[in-house]
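Breakdown of the fold
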Amino acid sequence: MILQEKNTIKFEDAMKELEQIASQLEKGDLNLDQSVTKFEEGMKLSKTCNKILEDAEKRISILIKNEDDVTEENFSAE
């Protein structure tokens, strides 16, 4: 599966793909070039997952901060 744009990939899909990559690397059946390519894909997915989680945490913080008046604000990551 080709890594999608950060904003379009779902967290669950990224994690599933990351688990598949980890499994392939753990088997040890890949040659060095394939292993390096898979590792790079895994690192990109890991960063994407981390970014998605950070954005969700910020959205939750915004909601909690405004607990008297629970309204969701648009969050734009820096």
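In what follows, the structure referred to is the one given above.
Residues numbered from 1 in each chain as written. Predicted model: local features only at pLDDT ≥ 70, side-chain atom pairs only at ≥ 80, totals over all residues. Heavy atoms only, no water.

What follows is about the pattern of salt bridges. Overall, the coordinates contain two salt bridges when judged by the stated rule. Residues K38 and E41 are paired through a salt bridge, measuring 3.9 Å at the closest nitrogen-oxygen approach. Of this pair, K38 and E41 both sit in helix α2 (residues 32-65), separated by three residues, roughly a single helical turn. Of the charged contacts in the structure, one is a salt bridge between K51 and D55, with a shortest N-O distance of 3.1 Å. Linking K51 with D55, this pair stays in helix α2, spanning four residues, or about one helical turn. (Salt bridge = Lys/Arg side-chain N within 4 Å of Asp/Glu carboxyl O. Helix = DSSP H or I, 4+ residues; strand = E, 2+ residues; numbered from the N terminus.)

Next up on the list: the nonpolar core. Counting residues in hydrophobic clusters, the biggest one holds five residues: I9, A14, I21, L45 and C49. Secondary structure elements with two or more residues in this core: α1 (11-27) and α2. Apart from the residues lying within four places of it in its own chain, the contact partners of A14 are I9, L45 and C49. (Core = buried A, V, L, I, M, F, W, Y, C linked by side-chain atoms within 4.5 Å. Buried < 20%, exposed > 50% of the residue type's maximum accessible area, 1.4 Å probe, protein only. Contact = heavy atoms within 4.5 Å.)

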